[in-house]
Amino acid sequence: MSHLRQIAVPVALPVPAGEEGGARVRRTPRLRAVETTPPPLGRVDPARRVLFVTSEMADYVKAGGLGDVAAALPRALRTRSDVRVLIPGYDEVIAGAPDLRLVGRVPARAGIPACDIGETFAGGVPVLVLVCPGLFQRGGSPYVDGSGQDWSDNAVRFAALSRAAAVIACGNAGMEWQPELLHLNDWPCALAAAYLRWYGSDVPALLTVHNLAYQGLFPLEDAAMLGVSPEQAESITFHGRLSFLQAGIVHADHVNTVSVSYARQITGPEQGCGLDALLSGHAASGRLSGIVNGIDSSWDPRTDLHLSEHFDLHRWEGRVANKRRVQRALGLPHSDGPLFAVVSRLVHQKGLDLSCAVAHQIAAAGGQLAIIGGGEPRIEAEVAALSRRFPSSVGVYPGFDEGLARKMFAGADFLLMPSRFEPCGLSQMYAQRFGCLPIAHATGGLIDTVEDGVTGLLFNSADADSLRRCVQRAFRTYRIPGLLSAMRRAAMLRPSSWDLAGTEYLRLYERVLDARVPELQA
């Protein structure tokens, strides 16, 4: 059945006075109803069996954006394919799966211990849990201990996850179900693509790179412990170390990233993290692509239970109530000026030094800056010092609180995202859905999701002066209510659901599977 909704259609509108001499024309939206149902998929077999392998899933444990993706994408695919998730049996997973039943077992090999495979369900999606208490049931996060140090046995832990995926795909785990395709996510399970080839399997593998900067590098001496021969290790060695991510890139049938622009950027030396030559070869052969992430339906300003008051495209009063609540929570006085928000890990990649550099400008112009997040101690200290220096203009919440973060998206007028690189980014889409306009560095997924002057504001260089000029544009936009409202509506109406991204993934699955058939027949 067809569904109609409003989307933004750009039309010309004069720029605010003083904007680069008034020579440019700002694009802003007019609304009309158009068809937004995803186009037909063509030939898709709803019985396609896909094993989605991940090291985190927000239903149980989340360390970053991958956790959100792993919770949402399989749900979006579930009605159109037989997708199942494989995740390590961390304490949080075992505790959250009281109905867990054993369905298979992965035998030991080299230094990797035997693991049981349990099955549970999350939101209707079957979840296979790799049970090995000695590897996974411990404190800390999936990757680091309580002091923030990498677990010393991470090579074995995530080789076990990778090998389990390959053994299941080979049909050697004692399970009735066997996937036709492995969908691997980031370095913790990328080694599965290599294990598949080394075990002689013809099951294809798709590797999604969520962040190329994290590669899973381990001493070359660990190879034997992981069941990797010296000959096999040659293809996965990166500057004298084993690279799980390189293993996936080399041996997967296809590599995709979480935005189209990021897929292009990682083929060059600036963002290729030393793997650009390999990736540019994949791009030349049609084996590298990008699909922008989606966000789930809980990000709805009409129904979100975290919000102080709800609002929609035509009634903004609820945004004001959320703004006041954020001001009170962060100790900021009432102000009718624009509220700028930072909802981010406080790390160098996210450009927090740039956000701090414009704090004085925001305060001097009558705005306020609200910051929530934790991260690098040096940046945390710099942010705390800002709040002491500008107590009426800068408010900080150290750490993270989901309810407050959502109120910030719902109450702030602008979101600062000066990321030095951003594979996709979710915060800008959360902000847009709540009518908060992103101010973003034009990189990676921010290029693909923020239309300058329509659904947010972009600047081209990751430096303080470029961000300052963009903040000036934001203040001028704020002083033109008609323009501000039109941009908010355009942002809120931007299509960003997981159903759309899921359709693109289903097409990619078919492409990978179809490419494998002629290869096997040759």
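In this text the structure is predicted, and so the values were computed from the model without any measurement.

Caption draft 1: Region of interest: helix α10 (residues 317-329). The first and last C-alpha atoms of α10 sit 19 Å apart over 13 residues, in line with the 18 Å expected at 1.5 Å per residue. Buried within α10 we find Gly318, Arg319, Ala321, Asn322, Lys323, Arg324, Val326 and Gln327. Of the surrounding secondary structure, the elements contacted by the buried residues of α10 are β15 (339-343), β16 (368-373), α14 (402-411), α17 (464-478) and α18 (481-493).

Caption draft 2: Just the environment of Asp463, in detail. Here Asp463 is to be found in the loop between β20 (457-459) and α17. Residue classification places Asp463 among the partly exposed residues on the basis of a relative accessible area of 30%. Residues Asp463 and Gly351, 112 residues apart in the sequence, show an inter-C-alpha distance of 8.7 Å. Looking at Asp463, its side chain comes within polar contact range of the main-chain nitrogen of Asp465, at 3.3 Å.

Caption draft 3: Here's a closer look at the sheet that holds strand β12 (residues 241-243). With antiparallel pairing, the three strands of this open sheet are ordered in space as β10-β12-β11. This sheet does not close on itself; its edge strands, each paired only once, are β10 (217-219) and β11 (237-238). Pairing between β10 and β12: three bridges, direction antiparallel. Bridging across to β12, Pro219 finds its partner in Arg241.

Caption draft 4: A look at the sheet that holds strand β7 (residues 125-131). Read across the open sheet, the nine strands follow the order β5-β6-β7-β4-β3-β8-β9-β13-β14; overall the sheet is mixed. Edge strands, defined here as strands with exactly one partner in the open sheet, are β5 (101-106) and β14 (288-290). Between one strand axis and the next, the sheet turns through 25° on average, direction left out of account. Where strand β13 (residues 254-257) lies against β14, three bridges are found, and the strand directions are parallel. In the sheet register, Thr257 faces β14, and the bridge partner there is Gly290.

Caption draft 5: Molecular detail of the environment of Gly200. Its location among the elements puts Gly200 in the loop between α5 (187-198) and β9 (205-209). The spacing of Gly200 and Cys170 is 30 residues in sequence and 8.7 Å in space, taken between C-alpha atoms.

Caption draft 6: How the structure looks around the pairing of strand β17 (residues 394-398). Across five bridges, β16 lies against β17 in parallel orientation. Its bridge partner lying in β17, Ile372 is registered against Tyr397. For the crossover that starts at β16, traverses helix α13 (residues 377-389) and ends in the parallel β17, the hand is right-handed.

Criteria and thresholds
- Positions within a chain are numbered from 1, following the residues in the order the chain's sequence is written.
- Given that this is a predicted model, residues contribute local features only at a pLDDT of at least 70 and side-chain atom pairs are listed and counted only at 80 or more, while totals for whole chains, interfaces and linings are drawn from all residues.
- Heavy atoms from the whole structure form the basis of all side-chain values; hydrogens and water molecules are not counted.
- The way it works is that DSSP assigns letters per residue, a run of H or I at least four long becomes a helix, a run of E at least two long becomes a strand, and they are numbered from the N terminus.
- One fewer than the residue count of a helix, multiplied by 1.5 Å, yields its expected span.
- Accessibility here uses a 1.4 Å probe with only protein chains present; expressed as a share of the type maximum, an area under 20% marks a residue as buried, one over 50% as exposed, and anything in between as partly exposed.
- Residue contacts are counted whenever heavy atoms from the two residues lie within 4.5 Å of one another.
- In protein, a polar contact means a hydrogen-donor-capable atom and an acceptor-capable atom, both N or O and within 3.5 Å, with residues adjacent in sequence counting only if both atoms are side-chain atoms; elsewhere, any N or O pair within 3.5 Å suffices.
- Note: two strands are recorded as paired if DSSP finds a minimum of 2 bridges between them.
- Here an axis means a line fitted to C-alpha atoms, over the contact stretch when the element is a helix, while the angle between two N-to-C directions is reported on a 0 to 180 degree scale.
- A right-handed crossover is one whose linking path, passing over the helix from the first strand to the second, runs clockwise when the strands point away from the viewer.

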